[in-house]
Structure formats: structure tokens, C-alpha cells
Amino acid sequence: MCSTATILELSNAVRFLSISEVGSARSGHLGMPLGMADVLTVLFRDFLIFDPLNPRWPNRDRLIFSGGHGSAALYALLYLVGYKKMTLEQLKKFRRLGSETSGHPEYNLDLGIETTTGPLGQGLANAVGMAIEERLLNARFGDDCISHHVYVCAGDGDLMEGVGHEASAIAGHLSLGNLVLLFDDNNITIDGKVDVSSSENTALRYESYGWQVLCADGHRETEISEAIGAARADPRPSIIFCKTHIGFGTPRSGTAAAHSGALGPEELKSIQKKMDWQHGAFEIPDYLAEAWRAIGLRHGAISSRWYETQSEKYGSQAFEFTEKLRKTCRKIKKEYFLARPFEATRLSSQEVLSEIMKQTDLLISGSCDLGASTGCLNSACVPLTKTDFSGNYIHYGVREHAMGAILNGITAGGKVLAVGGTFLAFSDYMRAAVRMAALMNIPSIFVFSHDSIAVGEDGPTHQPVEHIPSLRAIPNLNVFRPADAMETLECWECALKSSRPSALILTRQPVLSVRFCGRTNLCSCGGYLLYEDKMETGQKVTLIATGSEIGIALEVKKMLNDQEVATNVVSIPCWNLFDEQPNEYQKHILGHGLRVGLEASNGFGWRKYLGDDGMFFGVDGFGKSGRHSEVYEYFNLTSRKIYAKIMGKLAEKMGSYANSN
């Protein structure tokens, strides 16, 4: 590094690039970039281990901006240290359509962006997941291969959000000494001073979690350096209260107004004078540019040596077990074909997950105090502890939101695949994390059991009716609702092979075995003809169902066949995959007669399959407490009642046809 460049000069390069970005876009957030620039500069110059020329280097340190609104500073730093794809032109396109520099950071490892952040607290919980991932890989590959730190920059909002609390408690419980939280302690939120909404002692809160608590003046180099050094040396996770001034150097400094918005001409002149900055927009003097590039090159030799000595070992156990997966699935299919089990799909899922986990130590399961209930805890699981990360199961406690976001942090690295389960009715607690997985296009797997009114006596609080359609509404999320053991296996195979996140929706109650063994994964098309009638008749019906309602559809089919009504039964375990099939395939599967949908949900979205003239049988309103058979009867979800209404509809159609002729 050029010895003439001081910390203030280096950090001013970050500040004024951030100012230029926000000024060019005429929108954005400067409070955090200006306030935390000194802390981030010390971190990059003296501590952070990374290589811009090998941005996916597995043993790099991780840096997450949990306060994604501070993205201008992140982009400035990544440009300054030499990430090839983070160009000056990209900075000039800040917040523009199609740029790499969106308003909040979006997951792109080649750019140095470790995760997508924006909803406060998500990045903090992702960082906990990344710290767990590091410990998992360290236990499998050793210190020479994997041993790095995770740094997360967070503000008051991140710590106020419940997910931040949940994740921090887990980090303390597991004693994640590789995790350092740089808390932008500026005492400001958008509404004003922090004390308008908060009176807690955050330091004592983190001490109670089992964290090391440190303080530093966020504008004094020595204090920052000493605090980060102490954090790295302690076996506990550490939080550093970085006392900063939001919007440092501007007339707005120390006020809520500093949080966002471009600087006006006079404000810009003021900070330029105060910081003795005499350069134009996006201009960095050569000596500072060279100093920052030197910082970016500090660990190139270490990175190269790692690839020479460790990459073969690291890659040898990569999550690339396609052949093992194929053989395991074929083996399970044969066993299920022989047994034809009458069991809940959560139990089928438990058996499948157990067999697959035996094939790799890079598939990690976990649940929110519902391991046995969801099937995520199985005979292959060994829990993690603070002293032993060689296991493959995480006890998350009753913390759905943190579980979802931690799963994303584990999975984002691309090496370990994480699974987490809870009841479907509680999926709302973690919806933000599920949405972020879909936005990042990472293959996190969410297991949601107890999927309908069949939960029964626990009543409407535990009976999901709107949750399946709600999850289907999330773009890029594969929602699987298998009908039996065979479909459960095939849906797991699809999820494990996918680059997208998946949600597996599973029953509490036993379901009929409806599928025979076959080598082809029929669920991979999203939907297929389970039974096709060749009966020659003028009356044709297609019964379309998912999950446990397939059993009802088969009963209705028999009753219709007795009346010489040709009836096809279609299973659509994954709408997303089915919608991606060619139109001709979809039309063939759905048929040309009366289309009837069956699902123990509120029916949102079914019209696209049923058409204007179709029929839907589901749950209108919230569920009821009672035996599950009684609850199904109450909502008219029985084969007898459905059959009667279909026959009435067919008679009506025949009457209309006769009258028209």
C-alpha cells in the first residue's frame, strides 16, 4: 500500500464515490456510507481476507451489509479494490435499470456480493448461517482448507427486527467465534433518535446471548483496529459498538435527515471543504486508486496457494452426488413399490431424507423444535454443538424466521445444502426469508408439514388454508405437494437437483398410496396424468388435485365411472414446474372436458387450470376444530358430495346443450 495514503484519505475515497453514486441516481442512502467509511476502510486494509481476482475463493472472509441501504459504500469498496465486474461505469449506473448496482445489494459472488439484503435483519441472520457454514466445512476439511471470518455491518434496525434477535441468540448458543458484527451505533433511525422507540440495553442483551461486547469510536483508526483484533481473537461471536455519526461530514450529520437523499449543491461544497476533497464526481486521485488496488492485491498469493494445495481436497466431497442420488432414489422406489405404504407424507419424507443424508455429509437438516413432527430429524442426523460441528442437524429452537434466513446463509456459499422444517401454518413467520431465497435463486429447501384442515383437533390456528397459494405466489419458488410416498421421493429428487429454492408441503395424516413404481420421475414435469380413461363417451371429466386430495379424486373417479362418465385424474404436485411445460403438454394433461379442482386450500390461482366453466372444491374461510374426517365433511370435501355436485353440473350442461339444439 502507498504509505502516503492515510485512513481518512482512503475512507474519503469511499465517501465521495458514494456521494457521486447517490448524486448521479438522485436517490439512495448516504447516512451509513459516510458514517461507517472509516470502520470499513480499516477492515479492508488490515483484516479482511479476500481476492478480487478469485471472488469465489472458498476460504475468503465474508462481508455482509445487513443494512442493504448502505449499498453505495459496498459498491465503492468493491470497485476500489479491483473486482473486475464492479466497474466505474457500474457505479455511474447506480440504481439504474439493468445495472449491477441496484438500490440494495443483490447476490452475485463474482461481484463480491455475498447475499441479497434490504429487509432489515436478513443479512445479520444470513451472516450467522455463513458462520455456521464455515464451521461445518472446517470440521470436514480442516484448518488448512477452511478457516475464515464472517463480518456483518448492521444498524439499529437490524438489531430491532425479531429475526436479528433470533439469529444472534443461535450464534451465541453455538459460540460462533468466527462471526464479527460491526454495529453502526449512530443512535438514529428514520423517525429520529433511537430512544423514541427503544429503551433496551443492547450491550447487555448481546452479553446474555453469550457474545463478546466491544466498543470503539467509529472515526478513530486505533480504536477500530484494536476492537476488530480483539473480536478475531475471542472464541465467542463479537459485536463491536462502532460509535459513528450518521452522514458524517455533511450539514445533516447526526440527524435522521442524513439517512437518505442526494446532497444539494451547498451540502456538497460543505463536505468537500470539511474533508479537503478537491476532486469531481467519480474522480479518485491516482495515489488513492493505487493504494486501494494494493489493498485488493494483498491476498492474491494466499488465494493462489490455496488453489494449488487445497482445491482438489475441497472439491472431492462437493455437493455433486447426482449418481448417488439417482441410485438411492431408485432403491427407495423399489422398496416403496413393494411396501405400498399407507402413511403420512411427512413420514415418507423423513425416510427419504434419512437415506439421502447417508450419502453425503454436506446436506444439513434442522427444524424449529419440531424435528420428529416434520420429519427433518431422522436416523441419519447428528446434532451440531458449540464444540463439535461434524454433525448434520441444527436445533433452531422456536425461531422460524431465523431458521429460514440462516438456511439461506448456509446455502449461499454453494457448498452445503440446507434443509429446515416447521408446520405450514408457521411458514408466515419465515416468509421474508423464503422470498429472499427465491430472489437470490439459491436452493434452500423448506419443509412444511401439517399441511391442511386435516390437522383436525388443533383447530384453525394450526390449519393452513391460504398458505399454499401464498407460497405459490412467490416467483421462482418450487412448491411441492406430493400425494403419497412415491411422489414424496420424486419431489425430494427434484428439490435436490434444482438451483431454485423448494418448499415441500407434507401431510400429518396417512394418505393412500396412489402411484406404482417407475423409473421416470413424473413429478419433474410438475403435473401428469395419474389415471387416463379410454372410455368412449360424450361426458368427460378431468379431476385435478394435489397432495392428500388425490385420494378423494380417485374415489370420485370410481363413482363417475360407474355412471359411464370418462374421468381422468391429474396430479399437479408442483405448479411452477407444470407451468414451464410446453402448452401442448399442458393441454393434453388437463383435457378438454369439465375440469374439477380439489385441494384443501382457499382455491386462489386454480382458475388458470379450471377455466371459467370449471369447478373447485376447497376450503372457504378458516378451518374448524374437530376430527379431520368431520372437518372435511363440514367443508364438503368428501367424494360423495363432490360426486353429487359434478353430476349436477354435467346434467346442467347436457340440459343447456339439448335446449340449444
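In case you missed it, the structure is sitting above this.
Bear in mind the structure is a predicted one, so any value in this text is a computation, not a measurement.

Participant: Which residues make up the pattern of salt bridges, and what are the values?
Facilitator: Following the criterion strictly, the structure yields 34 salt bridges and no others. Among the salt bridges present, the one from Glu493 reaches Lys497, with a minimum N-O distance of 3.2 Å. Of the two residues, Glu493 and Lys497 both sit in helix α20 (residues 485–497), four residues apart, roughly one turn of that helix. If you follow the salt bridges from partner to partner, you end up with Arg60, Arg62, Glu114 and Glu133 in one network.

Participant: Hey, could you go over the side chain of Ser498 for me, with residue numbers and the actual values?
Facilitator: Locating Ser498 in the fold gives a position in the loop between α20 and β13 (502–505). You can call Ser498 buried: its relative accessible area is 17%. Excluding residues that lie within four positions of it along the chain, Ser498 makes contacts with Pro443 and Asn478.

Participant: For the pairing of strand β10 (residues 417–423), give the residues involved together with the corresponding values.
Facilitator: By the criterion of burial, β10 is predominantly enclosed, with seven of the seven residues buried. Where strand β8 (residues 363–367) and β10 come together, three bridges link them in parallel fashion. The residue bridging Ile364 from the neighbouring strand is Ala418, located in β10. As paired elements, β10 and strand β11 (residues 445–449) share five bridges and run parallel to each other.

Participant: Before we move on, could you go through the packing of aromatic side chains and cite the residues and values that matter?
Facilitator: Scanning the model with the defined rule gives 21 aromatic pairs in all. Relative to Trp211, the ring of Tyr206 has its centre 4.9 Å away and its plane inclined at 90 degrees; by these criteria the two rings are edge-to-face. The class for Trp211 is buried, based on a relative accessible area of 2%. Summarising the aromatic geometry, the rings of Phe578 and Tyr609 are spaced 5.7 Å apart at their centres and angled 70 degrees between planes, so their arrangement reads as edge-to-face. Within this pair, whereas Phe578 is found in helix α22 (residues 575–579), its partner Tyr609 is found in helix α24 (residues 607–610), the two being separated by 31 residues in sequence. Tyr609 sits in the buried class, given a relative accessible area of 2%.

Participant: Outline the sheet that holds β8, listing residues and values.
Facilitator: Strand order in the open sheet formed by six strands is β9-β8-β10-β11-β13-β12, with parallel pairing between adjacent strands. The sheet is open, and its two borders are formed by β9 (393–395) and β12 (478–480), each paired with just one other strand. Neighbour-to-neighbour, the strand axes of this sheet turn through a mean angle of 20 degrees, independent of strand direction.

Participant: Provide a residue-level description of the nonpolar core, including the pertinent values.
Facilitator: Within the largest apolar cluster, 68 residues are counted, with the highest numbers of intra-cluster contacts made by Ile132, Leu179 and Leu181. The dominant element in this core, judged by the number of residues it contributes, is helix α5 (residues 122–141), at ten residues. Grouped together as the second largest cluster of nonpolar side chains are 64 residues, Ile19, Ala37, Val39 and Phe65 included.

Participant: Which residues make up the side chain of Ser168, and what are the values?
Facilitator: Along the chain, Ser168 turns up in helix α7 (residues 162–173). In this structure Ser168 touches Leu124, Tyr206, Tyr209 and Trp211, once residues within four positions along its chain are discounted.

Participant: Just give me the short version of the environment of Ser66, but keep the residues and values in it.
Facilitator: The topology assignment puts Ser66 in the loop between β1 (62–65) and α3 (71–81). Ser66 gets classed as buried once you look at its relative accessible area, which sits at 0%. Taking the C-alpha atoms as reference, Ser66 lies 24 Å from Trp292; in sequence the two are 226 residues apart. If sequence neighbours within four positions are ignored, Ser66 has contacts with Thr117, Gly118, Leu120, Gly121, Gln122, Gly123, Leu124, Val152, Cys153, Ala154 and Asp158. Within the structure, Ser66 has its side chain in polar contact with the side chain of Asp158 (distance 2.7 Å).

Participant: Can you lay out the packing of α7 against helix α17 (residues 400–412) for me, pointing to particular residues and giving the numbers?
Facilitator: When two helices pack together, their arrangement is captured by the angle between the axes and the distance separating the axes. For the pair α7 and α17, the least separation of the axes is 8 Å and the interaxial angle reads 70 degrees. When the interaxial angle is binned, α7 and α17 end up roughly perpendicular. Where α7 abuts α17, its residues Val163, Glu166, Ala167 and Ile170 lie against Glu400, His401, Ala402, Ala405 and Ile406. When grouped by side-chain class, the residues that make up the contact of α7 with α17 number six nonpolar, one polar and two charged.

Rules behind the numbers
Residues numbered from 1 in each chain as written. Predicted model: local features only at pLDDT ≥ 70, side-chain atom pairs only at ≥ 80, totals over all residues. Heavy atoms only, no water. Salt bridge = Lys/Arg side-chain N within 4 Å of Asp/Glu carboxyl O. Helix = DSSP H or I, 4+ residues; strand = E, 2+ residues; numbered from the N terminus. Buried < 20%, exposed > 50% of the residue type's maximum accessible area, 1.4 Å probe, protein only. Contact = heavy atoms within 4.5 Å. Pairing = 2+ DSSP bridges. Phe/Tyr/Trp six-rings, centres within 6.5 Å; stacked < 30°, edge-to-face > 60°. Axes fitted to C-alpha atoms, helices over the stretch in contact; angles between N-to-C directions. Core = buried A, V, L, I, M, F, W, Y, C linked by side-chain atoms within 4.5 Å. Polar contact = N/O pair within 3.5 Å; in protein donor to acceptor, adjacent residues only side chain to side chain. Parallel < 35°, antiparallel > 145°, perpendicular 65-115°, else oblique. Nonpolar A, V, L, I, M, F, W, Y, C, P; charged D, E, K, R; others polar.

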